[in-house]
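A closer look at the structure
Each chain is listed here by its residues.
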Amino acid sequence: MKTEAKATKKSSIKTSALLALEGGLPVRTEPLPWDYPGASFIDEEELELVTSVVRAHSPFRFYGPQAQHMVDMLEHEWRETFGHRYALGVSSGTAGLTVSIAALGLGPGDEVMVPGYLCMSGLAAIVRAGAIPRLVDIDDTFCMSPDDLKAKITPRTKAVIYNHMCGAPGHIQKIAELCKKWHLSLIEDCSQAAGASFEGTPVGRFGDIGVFSFQLNKNMTSGEGGMVVCQDHALFRRLLALHDLGYPRTLNGALDASREHEQLWGIGARMAELSGALALAQLRKLPQITSAMRKAKWAIRKGLAKTPGLTFREVPDPAGDSGAFLLLLLENAPRAKYFTDALRAEGVCGPPGSVPCVALSERSLHWYCNIPSLVHKRSNSREGFPWTHPDNAFACDYSYYKGTLPVCDDYHERTVVLTIAPTLKEQDIKDVTDACQKVARVVQSNCLRQ
Ligand SMILES: *Cc1c(COP(=O)(O)O)cnc(C)c1O
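Keep in mind it's a predicted model, so treat the numbers as computed, not measured.

1. Side note on the site of the ligand
Every residue near the ligand is listed here: S92, G93, T94, C119, S121, N163, D189, S191, Q192, S213, Q215 and K218. Between a nitrogen atom of the ligand and a side-chain N or O atom of D189, the distance comes to 2.7 Å. Side-chain polar atom of S213 to an oxygen atom of the ligand: 2.7 Å apart, as the coordinates give it. Within the complex, the protein chains bury 89% of what would otherwise be the 380 Å² of accessible surface of the ligand.

The structure is reproduced here in structure tokens:
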């Protein structure tokens, strides 16, 4: 048998240490639990709130036969929990980013700085508004590098979208200081980081606007949904108008077209009461969800601390990490690929469709150079707007091809991501740690023998 032949050939390795990928025994055989953080906590509480909306025949937030005010309550509890002055429920994170860019009045002639490791939603919001995205490299936090941002600011630069990628802030404080100094608007894309904070301040409070998503993969979920937060009243009024039909509403829920500067073009991104009900129940569980993930993640990370050949994404404030992802760096691309395959073979895998272990290069639509609409400067309209707009001529030689951001390009190739389910048990945590150590040891000893 092939596996036996391999086993004898590698007799220098103890049988117990033989990788499952090479025919050895796997660390575990039972699938890990599903890694949709919020969804795994859905129970009677969600059901009760959703049911009350259905029974009341009132699925619209602004009025109805017996309006249940789920979205109002969600916004209220959100403000109380995180200290955001204003909070507005929206239909998705993407919609939240779209209204944010519009609320800031950005358009042709403006440049918005974005990190090279991001979600295309922010790019879409910029491009649809007619502005130009400018790429900024990341640092070892996997978030935007303050140094690269500083080096790239031009008179065209009007705003920054900062992504709290993979559940934890990077150097957000430094970015906020730079934005203040250069009079740039700052949007925090907190879609992956509900419940995260930096040195005690919740995310979304460093910038002018913060945007959260409640899509299924996020820390809390209502299937579809999101939250936009800000501190400034006038900005909030614009967000309110834009997320609806272009106008804010009166107290009884009617559209209010009385103020000239609030007569805008809306995008129809109101939050539904059913989503509000789900999100409200989830918000109440968020501390439980994030603390379970944070504990599991840091137990694994500490268990791997001195493993040769493995390094980690830098998390400047571990206490503020929402814990959803553990990022491991191997020394090069082939080792990252081998490590991932070997880890899955050891049983670090979940039910079909779940992805607890991937090389980042496999799931790579979050990297600038793998987003075709960016790389090829696509347009939704026939004539190529906004790339062809005369006010955007300054950006005609901007490139989004691979090679633009060296740190992104390097990390993209050699990072392995472990998605941390909040339902991991002690044994799961031990197995994942053991499997990583086992595989890392073999990867390292293979390379030393070469
Ligand atoms: C998920 C996500 C979004 C988009 O949120 P939707 O609710 O799916 O529109 C935006 N930005 C980041 C960083 C995300 O992870």
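2. As for empty space enclosed by the protein
Applying the stated criterion across every chain yields a total of one cavity of 30 Å³ or more. Counted as a void, the largest cavity has a volume near 80 Å³. In this structure, the largest cavity is lined by L32, P33, D35, I300, V348, P356, L418, T419, I420, A421, L424 and V432. When its residues are assigned to classes, the lining of the largest cavity shows ten nonpolar, one polar and one charged.

3. A closer look at the packing of aromatic side chains
Per the counting criterion, the structure on display carries 13 aromatic pairs. Their ring planes at 15 degrees and their centres at 4.7 Å tell us that Y86 and F236 sit as a pair that is stacked. With Y86 in strand β1 (residues 86-90) and F236 in helix α8 (residues 233-243), this pair connects stretches of sequence that are 150 residues apart. Neither Y86 nor F236 differs from the other in exposure class; each is buried. Through pairs of rings, three or more aromatic residues link up here, namely W78, F82, F212 and F214.

4. Considering helix α4 (residues 93-103)
Burial runs high along α4: nine of the eleven residues are buried. Sitting at the amino-terminal end of α4 is S92, which places a side-chain oxygen 3.4 Å from the backbone nitrogen of T94.

5. Description of the packing of α4 against α8
Between α4 and α8, whose axes approach to 9 Å, the crossing angle comes to 125 degrees. In terms of orientation, α4 and α8 fall into the oblique class. Considering only the axes of α4 and α8, their crossing is right-handed. Residues V99, S100, A102 and A103 of α4 touch α8, and the partners they reach there are L235, R238, L239, L242 and H243. Among the residues forming the contact of α4 with α8, the class breakdown is six nonpolar, two polar and one charged.

6. A word on the layout of surface pockets
Sizing a probe to match a water molecule and rolling it over the atoms shows the empty space that remains. Its boundaries defined by the atoms lining it, the largest pocket holds a volume of some 760 Å³. Q192, Q215, N217, K218 and H366 are the residues nearest the centre of the largest pocket, which is lined by 37 residues in total. Looking at the lining of the largest pocket, the elements that each hand over two or more residues are α4, α5 (120-129) and β13 (415-419). When residues in the lining of the largest pocket are grouped by element, the largest group, three residues, is from α4. Class assignment of the residues belonging to the lining of the largest pocket gives a composition of 14 nonpolar, 18 polar and five charged. As a volume, the second largest pocket reaches approximately 410 Å³. Elements that contribute at least two residues to the lining of the second largest pocket include exactly α3 (70-82), β1 and α8. Tallying contributions element by element places α8 first for the lining of the second largest pocket, with four residues. Class assignment for the residues of the lining of the second largest pocket results in nine nonpolar, four polar and ten charged.

7. Considerations on the packing of α4 against α5
The N-to-C vectors of α4 and α5 enclose an angle of 35 degrees; their axes lie 8 Å apart at closest approach. The way α4 lies across α5 gives a crossing that is right-handed. Facing T94, L97, T98 and I101 of α4, the residues of α5 in contact are S121, G122, A125, I126, R128 and A129. Of the residues in the contact of α4 with α5, the class split is five nonpolar, four polar and one charged.

8. Brief notes about the nonpolar core
Formed by 88 residues in total, the largest nonpolar core has its most connected members in Y117, F142, L328, F339, L343 and L418. The element contributing the most residues to this core is helix α13 (residues 426-449), with eight residues. Here F339 is in contact with L310, L328, L330, V416, C436, V439, A440 and V443, once residues within four sequence places are set aside.

Scoring rules and cut-offs
Residues numbered from 1 in each chain as written. Predicted model: local features only at pLDDT ≥ 70, side-chain atom pairs only at ≥ 80, totals over all residues. Heavy atoms only, no water. Near = heavy atom within 4 Å. Polar contact = N/O pair within 3.5 Å; in protein donor to acceptor, adjacent residues only side chain to side chain. Areas by Shrake-Rupley, 256 points an atom, 1.4 Å probe, with all protein chains shown as cover. 1 Å grid on protein atoms, 1.4 Å probe; cavity = no way out; pocket = protein on both sides within 12 Å on 5 of 7 lines; lining within 4 Å. Points joined across faces, edges and corners; volume = space filled by probe spheres on them. Nonpolar A, V, L, I, M, F, W, Y, C, P; charged D, E, K, R; others polar. Phe/Tyr/Trp six-rings, centres within 6.5 Å; stacked < 30°, edge-to-face > 60°. Helix = DSSP H or I, 4+ residues; strand = E, 2+ residues; numbered from the N terminus. Buried < 20%, exposed > 50% of the residue type's maximum accessible area, 1.4 Å probe, protein only. Axes fitted to C-alpha atoms, helices over the stretch in contact; angles between N-to-C directions. Parallel < 35°, antiparallel > 145°, perpendicular 65-115°, else oblique. Left-handed = near helix turned anticlockwise from the far one by under 90°. Contact = heavy atoms within 4.5 Å. Core = buried A, V, L, I, M, F, W, Y, C linked by side-chain atoms within 4.5 Å.

Shape descriptors only; they carry no functional weight alone.
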